[in-house]
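If you want the building blocks of each chain, they are given just below.
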Amino acid sequence: QVQFVESGGGLVQPGGSLRLSCAASGSLFSIYTMGWYRQAPGKQRELVATISGGGLLWYLDDVKGRFTISRDNAKNTVYLQMNILKSEDTAVYYCNVYAVGGSYSDPYDWGQGTQVIVSS
């Protein structure tokens with residue numbers, strides 16, 4: 001089992017920036033493709049960005065050019081730099097394993113997430 005602890009959320013004005021962090025447990029972090037997800041009120045959870053163990057990236061169209069996913073395998077941590085934030089980015093953000101060794105993986109148990117509120 002892998003556990004996740006997300007942090008870095010908060011209240012920010014439109015156009016502002018936040019950097020989210022997610023620390024994962026376990027010894028296999030480097031082979032996981034990690035994903036950042038978000039769930040806005042009344043909506044389903046959606047995948048926002050992924051990063052493979054080798055650094056291949058994928059982004060949801062809505063966040064391309066504004067968000068950057070990165071990872072530090074030595075720290076078992078994945079990051080999400082969010083710039084030019086919009087009100088529609090307001091959501092609880094979670095990380096989870098998206099794939100293992102290139103094969104899609106059902107998510108592990110979700111962490112508590114970190115709340116991002118974009119509002120003036």
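Residues numbered from 1 in each chain as written. Predicted model: local features only at pLDDT ≥ 70, side-chain atom pairs only at ≥ 80, totals over all residues. Heavy atoms only, no water.

Chemist: Help me out: how do you make sense of unusual backbone geometry in this one?
Modeler: Most peptide bonds adopt trans geometry, and most residues besides glycine take a negative phi value. One non-glycine residue, N76, adopts positive backbone phi at about 50°. Locating N76 in the fold gives a position in the loop between β7 (67–72) and β8 (77–82). Using a relative accessible area of 16% as the deciding quantity, one classes N76 as buried. Residues other than glycine seldom take positive phi values, yet I84 does so here, at roughly 45°. Mapped onto the fold, I84 is located in the loop between β8 and β9 (91–100). (Helix = DSSP H or I, 4+ residues; strand = E, 2+ residues; numbered from the N terminus. Buried < 20%, exposed > 50% of the residue type's maximum accessible area, 1.4 Å probe, protein only.)

Chemist: How should the nonpolar core be read in this particular structure?
Modeler: Soluble globular proteins tend to pack their nonpolar side chains together in the buried interior. Formed by 30 residues in total, the largest nonpolar core has its most connected members in M34, W36, V78, L80, M82 and Y93. Listed by contribution, the elements that provide at least two residues to this core are β3 (18–24), β4 (32–39), β5 (46–51), β7, β8, β9 and β11 (114–118). (Core = buried A, V, L, I, M, F, W, Y, C linked by side-chain atoms within 4.5 Å.)

Chemist: Just checking my understanding: could you explain the state of the cysteines for this structure?
Modeler: Put plainly, two cysteines are in a disulfide when a covalent bond ties their sulfur atoms together. In the structure shown here, the tally under the stated rule is one disulfide. Between the sulfur atoms of C22 and its disulfide mate C95 the distance is 1.7 Å. Highlighted residues: C22 in strand β3 and C95 in strand β9, separated in sequence by 73 residues. There is no split in this pair, since C22 and C95 are both buried. (Disulfide = S-S within 2.5 Å.)

Chemist: Please clarify how the pattern of salt bridges should be interpreted in this entry.
Modeler: Where side chains of opposite charge bring their charged atoms close, a pairing between them can arise. Considering all chains together, one arrives at four salt bridges under this definition. For D61, the salt bridge identified is with K64, shortest N-O distance 3.1 Å. D61 sits in the exposed class, given a relative accessible area of 58%. Residue R66 is joined to D89 by a salt bridge in which the shortest nitrogen-to-oxygen separation is 2.7 Å. On the criterion of sequence distance, the pair formed by R66 in the loop between β6 (57–59) and β7 and D89 in the loop between β8 and β9 is long-range, its members being 23 residues apart. You'll find R66 and D89 in the same group, each marked buried. Members of the salt-bridge network, linked through shared partners, are R38, E46, R66 and D89. (Salt bridge = Lys/Arg side-chain N within 4 Å of Asp/Glu carboxyl O.)

Chemist: Hey, could you run me through the side chain of T114 in this one?
Modeler: By the element assignment, T114 lies in strand β11. There is a polar contact of 2.8 Å between the side chain of T114 and the backbone nitrogen of G9. Other than its neighbours up to four places away in sequence, T114 contacts E6, S7, G8, G9, L20, A91, V92 and Y93. (Polar contact = N/O pair within 3.5 Å; in protein donor to acceptor, adjacent residues only side chain to side chain. Contact = heavy atoms within 4.5 Å.)

Chemist: Whenever I open this one, the packing of aromatic side chains confuses me. Can you help?
Modeler: What characterises a pair of aromatic rings is the spacing of the ring centres plus the angle enclosed by the ring planes. Under the counting rule described, the total for this entry stands at four aromatic pairs. Seen in terms of ring centroids, Y32 and Y108 are 6.4 Å apart; in terms of plane orientation they differ by 50°. Their pairing is tilted. Separated by 76 residues along the polypeptide, Y32 in strand β4 and Y108 in the loop between β10 (103–104) and β11 bring together distant segments of the chain. For Y32, a relative accessible area of 5% puts it in the buried group. Here Y108 falls in the partly exposed class, since its relative accessible area comes to 24%. When the centroid spacing of 5.4 Å and the interplanar angle of 80° are considered together, the rings of Y98 and Y104 count as edge-to-face. By relative accessible area, which is 54% here, Y104 ends up exposed. Over the face of the ring belonging to Y79 we find R19, whose NZ or CZ atom lies 4.0 Å from the ring centre. (Phe/Tyr/Trp six-rings, centres within 6.5 Å; stacked < 30°, edge-to-face > 60°. Lys NZ or Arg CZ within 6 Å of the ring centre and 35° of its normal.)

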